[in-house]
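# Commentary on secondary and tertiary structure
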Amino acid sequence: MRTIRKVSQPVERAVNLTIKADAGRIIGLIVAPSFSDANPHFIITPEDGLLTAEQAVGAAIGIASYLKLAVVVIDEGGLWDPRWGRLL
């Protein structure tokens, strides 16, 4: 099981995953560094409600592995599901 750190604010050199409730669903928003000066971050958002929090966790882990960065989670609503990993 993967351990992911919970933070209260975005971390610049990490893949940031925000978990939140939206219209009765739990969704995820991913913000990760890119290597372009013109666009210093790239963002993956739920489109048409298709990116659930669980899918966002998997995507964030994949992006972090590719970029060799940590994943951090902003979860102000306490919506994290332990099945997604261990949240510190």
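Scroll up to find the structure this text is about.
Rules used throughout
Residues numbered from 1 in each chain as written. Predicted model: local features only at pLDDT ≥ 70, side-chain atom pairs only at ≥ 80, totals over all residues. Heavy atoms only, no water. Helix = DSSP H or I, 4+ residues; strand = E, 2+ residues; numbered from the N terminus. Buried < 20%, exposed > 50% of the residue type's maximum accessible area, 1.4 Å probe, protein only. Contact = heavy atoms within 4.5 Å. Areas by Shrake-Rupley, 256 points an atom, 1.4 Å probe, with all protein chains shown as cover. Pairing = 2+ DSSP bridges.

Check the secondary structure of the protein chain and you find one helix and six strands. From first element to last, N terminus to C terminus, the protein chain shows the α and β order β-β-β-β-α-β-β. Taking all 88 residues of the protein chain together, the buried fraction comes to 35%. Considering only intrachain contacts with a sequence separation of at least 6, the fraction spanning at least 24 residues in the protein chain is 59%. Surface summary for the protein chain: the accessible area is close to 5,500 Å², and the carbon and sulfur share equals 54%.

Further remarks concern the pairing of strand S1 (residues 3-6). Of the pairings in the sheet, the one linking S1 to strand S6 (residues 86-87) comprises two bridges and is parallel in character. For Thr3, the partnering residue across the bridge sits in S6 and is Arg86. Sheet topology places S1 next to strand S5 (residues 70-74); two bridges connect them, and they run parallel. Counted as the bridge partner of Arg5 is Val72 from S5.

Fair warning: the whole summary comes from geometry, so function is off the table for now.
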